[in-house]
Amino acid sequence: MRALGLQAQSRCLDRKQNSSRHSTAQSICNTSGRAPTTTYLSWQQAEDAPSCSGQGVSLAMPRGRKAVCCYATHRAGETSSHVPGTLDLPPHLADFADPRVGPDLTDILPALSPKQLADAIWGFAKQGLQPAQDLMDAIAAEVQSKLEHFRSQDLSNTIWALAVLKYQPSEEWWGAFERQVYNNITDFTDRDMANLMWSLAMLDHKPVWVLGPLLASASDTFPTFSPNALHLVGWACGKLGYCPGPEWLEAYLKASQASFFQLSPTEMSNIVWALAKLGHKLPAKWLDSFLMVAQWRFPSFSAKTLSVVAWAVAALGHTPSQEWLVSFEHQVREKFNDFSGQELACIAWALRRFGYTHEHNAVFYMLQRQDQFLEADYEILANSRLLSTVLAWQSERGYGSSGGGGSDSAAGGAGNRPLGGSPSDN
């Protein structure tokens, strides 16, 4: 009888502990009582993730994740109990937030709902924290066990967090994730789609069997997409090397053209870069419209974005008007010292493809100033692709040896690295 009594007391104690653990987990993820909002990074932030510096949208801290982020900060080795941009934990959660006396985060993972689990890993990524490998493995395993209950927003936020944290899941995990994406294929908003495509590109994962129907479904709602979401979807396709069908391309070109004036110079350059990388034959009307808007906004284009536009348009086999070329050359002269040797090589190659003669070519002109070299000029001479292009020009004028083959080789280099510090860097 005494043994039976002890067993009954033990079972009762276990139930109380499990109930307390579940209650604590619920209180952590619902301290504000508000549903978290969704947001996403622009491509320019990708290379600097998780610090999220650079151009792009600012990320607001979803209130429902505050307590989880505070606890995540402790787990990641922070010394302060307060995360910038969040509220202090309520007194009854203070002990839980302290890793010296509170339970381990892995202990409460089973008690988290799919949404709470997605919010928790989102909190790590949002705060720029890098959890230990064993903790990330435990979170990924828990996510996998509950993926069938994830909604489109949960899927989008989770994969975004993994991309920012540069965590590569297992093949088994990817299989389960892809199936759930397919099950929710018509439920993704433009922001969810942008998050998802950006993350797949950053993790270099190309599930063709999902991308086809996913992008086909998105094409029906392109008119409702924000300019930034359109840009991210297009850039991701270029980064992944995935070519959607002609119907998708027609819908994408129509929606992007309507957003030209809302796109930033960086977004414009990356859209045309992605289309050039995919090898699409674009309508001349779309390209002329793109170049007109780009010319009107040239003063706000950086040296990097100018080089990307020049390379992409040349790679697409389109020749701008003489007026556009004169305006472009003027921008190159004004921003010459901001270009890297790689970027100038791309511009030199593009201008030669456009048939822009060396007498009016800003790059060639600057190379003639051998008695006034600046530091940037030496970088130009150290770039083999640019030198081969210059040698080709000199050969046409009767100077030196031929280097015509080298000028065309610049195309491959430009396509692999259109912008320094962009996600397109491999």
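Here goes a summary of the coordinates provided. (Residues numbered from 1 in each chain as written. Predicted model: local features only at pLDDT ≥ 70, side-chain atom pairs only at ≥ 80, totals over all residues. Heavy atoms only, no water.)

**Section: the overall build of the protein**
Quick reminder of the rule: Per the convention used, a helix needs a DSSP run of H or I reaching at least four residues, while a strand needs a run of E reaching at least two, with both numbered from the N terminus. Relative accessibility thresholds used throughout: buried, under 20% of the residue-type maximum; exposed, over 50%; partly exposed, between the two (1.4 Å probe, protein chains only). The Shrake-Rupley method, run with a 1.4 Å probe, gives the accessible areas here. Residue values count only the displayed protein chains as cover.
Secondary structure summary: the protein contains 21 helices and zero strands in total. Expressed as a percentage of the 426 residues in the protein, the buried residues total 55%. With an accessible surface of roughly 19100 Å², the protein has 50% of that area assigned to carbon and sulfur atoms.

**Some words on the environment of leucine 215**
With respect to the element layout, leucine 215 can be found in helix H10 (residues 208-219). Residues leucine 215 and valine 233, spaced 18 residues apart in sequence, show a C-alpha to C-alpha distance of 8.8 Å.

**Looking at the state of the cysteines**
Quick reminder of the rule: Cysteine sulfur atoms that pair up within 2.5 Å are treated as a disulfide.
Across all of its chains, the model carries zero disulfides by this definition. The structure places no disulfide on cysteine 237, whose sulfur is separated from the nearest cysteine sulfur, that of cysteine 243, by 8.5 Å. Residue cysteine 243 is classed as partly exposed on the basis of its relative accessible area of 41%.

**Comments concerning the nonpolar core**
Just so we agree on the cut-off: Here the nonpolar core consists of buried residues drawn from Ala, Val, Leu, Ile, Met, Phe, Trp, Tyr and Cys, with membership extended through side-chain atoms lying within 4.5 Å.
Among the nonpolar cores identified, the biggest contains 106 residues, and Phe177, Met197, Leu214, Trp286 and Phe328 are the most heavily contacted of them. The element contributing the most residues to this core is helix H15 (residues 303-315), with nine residues.

**Here's the deal with the packing of helix H5 (residues 114-126) against helix H6 (residues 133-146)**
Between two packed helices, the angle of one axis relative to the other and the distance separating the axes together describe the packing. Here is the rule we go by: The axes are straight lines fitted to the C-alpha atoms, using for helices just the contacting stretch, and the angles between their N-to-C directions are given from 0 to 180°. Any angle that falls under 35 degrees is termed roughly parallel, while one over 145 is termed roughly antiparallel, one within 65 to 115 roughly perpendicular, and all others oblique. In this scheme the crossing of two helices becomes right-handed for a clockwise turn of the near helix relative to the far one and left-handed for an anticlockwise turn of less than a right angle. Contacts are assigned to residue pairs with any non-hydrogen atoms lying within 4.5 Å of each other. Each residue is assigned to one of three groups, with Ala, Val, Leu, Ile, Met, Phe, Trp, Tyr, Cys and Pro labelled nonpolar, Asp, Glu, Lys and Arg labelled charged, and all others, Gly among them, labelled polar.
In the contact formed by H5 and H6, the axes pass within 10 Å of each other and the chain directions differ by 150 degrees. With respect to their mutual orientation, H5 and H6 come out roughly antiparallel. Handedness of the crossing formed by H5 with H6: left-handed. From H5, Pro114, Leu117, Ile121 and Phe124 reach across to H6, where they touch Leu135, Met136, Ile139, Glu142, Val143 and Lys146. Its residues assigned to classes, the contact of H5 with H6 comprises eight nonpolar, no polar and two charged.

**Quick notes on the environment of isoleucine 347**
On the secondary structure map, isoleucine 347 appears in helix H17 (residues 341-353). A C-alpha to C-alpha distance of 9.4 Å links isoleucine 347 and alanine 314, two positions 33 residues apart in sequence.

**As for the side chain of glutamate 329**
The cut-off we apply is this: In the analysis that follows, any N or O atom pair within 3.5 Å is treated as a polar contact, provided that within protein one partner can donate a hydrogen and the other can accept it, and provided that, for residues neighboring in sequence, both atoms belong to side chains.
By secondary structure assignment, the location of glutamate 329 is in helix H16 (residues 322-334). In this structure the side chain of glutamate 329 is engaged in a polar contact, spanning 2.2 Å, whose partner is the side chain of arginine 333.

**Considering the packing of aromatic side chains**
Given two aromatic rings, one states the distance between the centres and the angle between the planes to describe the pair. The condition that has to hold: The aromatic pairing rule takes the rings of Phe, Tyr and Trp, using the six-membered ring of Trp, and pairs them if the centres are within 6.5 Å, calling planes under 30 degrees apart stacked, those over 60 edge-to-face and the rest tilted.
All chains considered together, the criterion is met by 17 aromatic pairs. Judged by centre distance (5.9 Å) and plane angle (85 degrees), the ring pair of tryptophan 174 and phenylalanine 177 falls under edge-to-face. Taken together, the residues tryptophan 174 and phenylalanine 177, both in helix H8 (residues 171-183) and three residues apart, mark about one turn of the helix. Across the pair, phenylalanine 177 and tryptophan 174 agree in class, each one buried. Aromatic pair phenylalanine 261 and tryptophan 296: ring centres 5.6 Å apart, planes at 70 degrees, arrangement edge-to-face. Remark: tryptophan 296 occurs in helix H14 (residues 284-296) and phenylalanine 261 occurs in the loop between helix H12 (246-258) and helix H13 (265-277); sequence separation between them is 35 residues. Site record: aromatic cluster; members linked through ring pairs are Phe222, Phe225, Trp248 and Tyr252.

**Concerning H17**
Filter applied, for reference: By definition here, a helix of n residues has an expected span of 1.5 Å times n minus one.
With 13 residues, H17 extends 18 Å from end C-alpha to end C-alpha; this agrees with the ideal 18 Å at 1.5 Å per step. The buried fraction of H17 amounts to 11 of the 13 residues, a majority that puts the element mostly inside the structure. All of the buried residues along H17 are Gly341, Gln342, Glu343, Leu344, Ala345, Cys346, Ile347, Ala348, Trp349, Ala350 and Leu351. Within two residues after H17, glycine 355 carries a phi angle of roughly 80 degrees, on the positive side.

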